[in-house]
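Fold and geometry: a report
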Amino acid sequence: MNRTRIKICGLTREADVDAAVQAGADAIGLVLYDKSPRAVTVARAVELARRLPPFVTPVGLFVNAEAADIEAALQAIPTLTLQFHGDESPEDCERWNRPYLRAARMAPGFDLLDFAHRFSSAQAVLLDAFVDGYGGGGKVFDWSLLPPSVPSPVVLSGGLSAANVIDGVLKVRPWAVDVSSGVEVAKGLKDADKIRHFCDAVRQADQQGSSGH
Ligand SMILES: O=C(O)c1ccccc1NCC(=O)[C@H](O)[C@H](O)COP(=O)(O)O
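Residues numbered from 1 in each chain as written. Predicted model: local features only at pLDDT ≥ 70, side-chain atom pairs only at ≥ 80, totals over all residues. Heavy atoms only, no water.

Remarks on the layout of surface pockets
Its volume calculated, the largest pocket comes out at about 400 Å³. For the lining of the largest pocket, the elements supplying multiple residues, two or more each, are β1 (5-9), β6 (124-128) and β8 (176-179). Grouping the amino acids of the lining of the largest pocket by side-chain chemistry returns 11 nonpolar, 14 polar and seven charged. Considering only enclosed or pocket space, the second largest pocket measures out at about 340 Å³ in volume. Sorting the residues of the lining of the second largest pocket by element identifies β1 and β3 (57-62) as the ones contributing at least two each. Counting residues per element, the lining of the second largest pocket draws most heavily on β1, which supplies three residues. Considered class by class, the residues forming the lining of the second largest pocket number 10 nonpolar, three polar and three charged. (1 Å grid on protein atoms, 1.4 Å probe; cavity = no way out; pocket = protein on both sides within 12 Å on 5 of 7 lines; lining within 4 Å. Points joined across faces, edges and corners; volume = space filled by probe spheres on them. Helix = DSSP H or I, 4+ residues; strand = E, 2+ residues; numbered from the N terminus. Nonpolar A, V, L, I, M, F, W, Y, C, P; charged D, E, K, R; others polar.)

Quick word on the pattern of salt bridges
In total, this model carries 13 salt bridges according to the counting rule given. Between R51 and D18 there is a salt bridge whose closest N-O contact spans 2.8 Å. One end of the pair, R51, is in the loop between α2 (42-49) and β3; the other, D18, is in helix α1 (residues 14-23), and 33 residues separate them in sequence. On the basis of relative accessible area, R51 is assigned to the partly exposed category, the value being 40%. E184 is the salt-bridge partner of R38, the closest N and O atoms lying 2.7 Å from each other. Here the residue R38 occupies a position in the loop between β2 (27-31) and α2, and E184 occupies one in strand β9 (residues 184-186), the gap between them amounting to 146 residues. (Salt bridge = Lys/Arg side-chain N within 4 Å of Asp/Glu carboxyl O. Buried < 20%, exposed > 50% of the residue type's maximum accessible area, 1.4 Å probe, protein only.)

Structure representation (structure tokens):
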């Protein structure tokens, strides 16, 4: 069983970036969407991304952003992976010729297979709950809604925490998991112990999954 990759999202402080790296995160999410309580500016994102060692990916999150704002972020952080969390079309995502994640908001009746086909150029589809304000809602969607297989790598997201991520990994078998609220003490303020417990739980899930549980 592959090692489930881990993205810790909505980081705003150096200490939280360091805690995510220390706990074994594979990526950090920087919310470049000014209506979010976890928003950071491009300048702040540069400072945070600069702390990352090799092989830990900075992911910039956008919601229906102006092209100039995405351009500025890519100029400032050339290694940025893009995450589109709004109503962006495949063309909106592909024009940057950069690796990107495409968020899918899993409302009941949502046609994930059609969505994954439309966004086949995405590195992965990030499956999130359908919440007001696009994301970061701390809400779990019904994993049983998922089809038996999805033609893209899946990032499971939405209301995850150390308490439910083992179940999520064993049920959905995603390429990666993504968490924001579940490792916070307040919006945008992460807790190092929660981050560590979350990452340890993902490792435990991988062990259970490889031993046929
Ligand atoms: O995190 C936010 O505040 C946010 C705001 C607007 C769009 C996307 C946002 N976050 C995107 C993420 O990838 C979150 O990690 C994802 O929605 C899961 O959040 P949570 O349910 O709090 O773990």
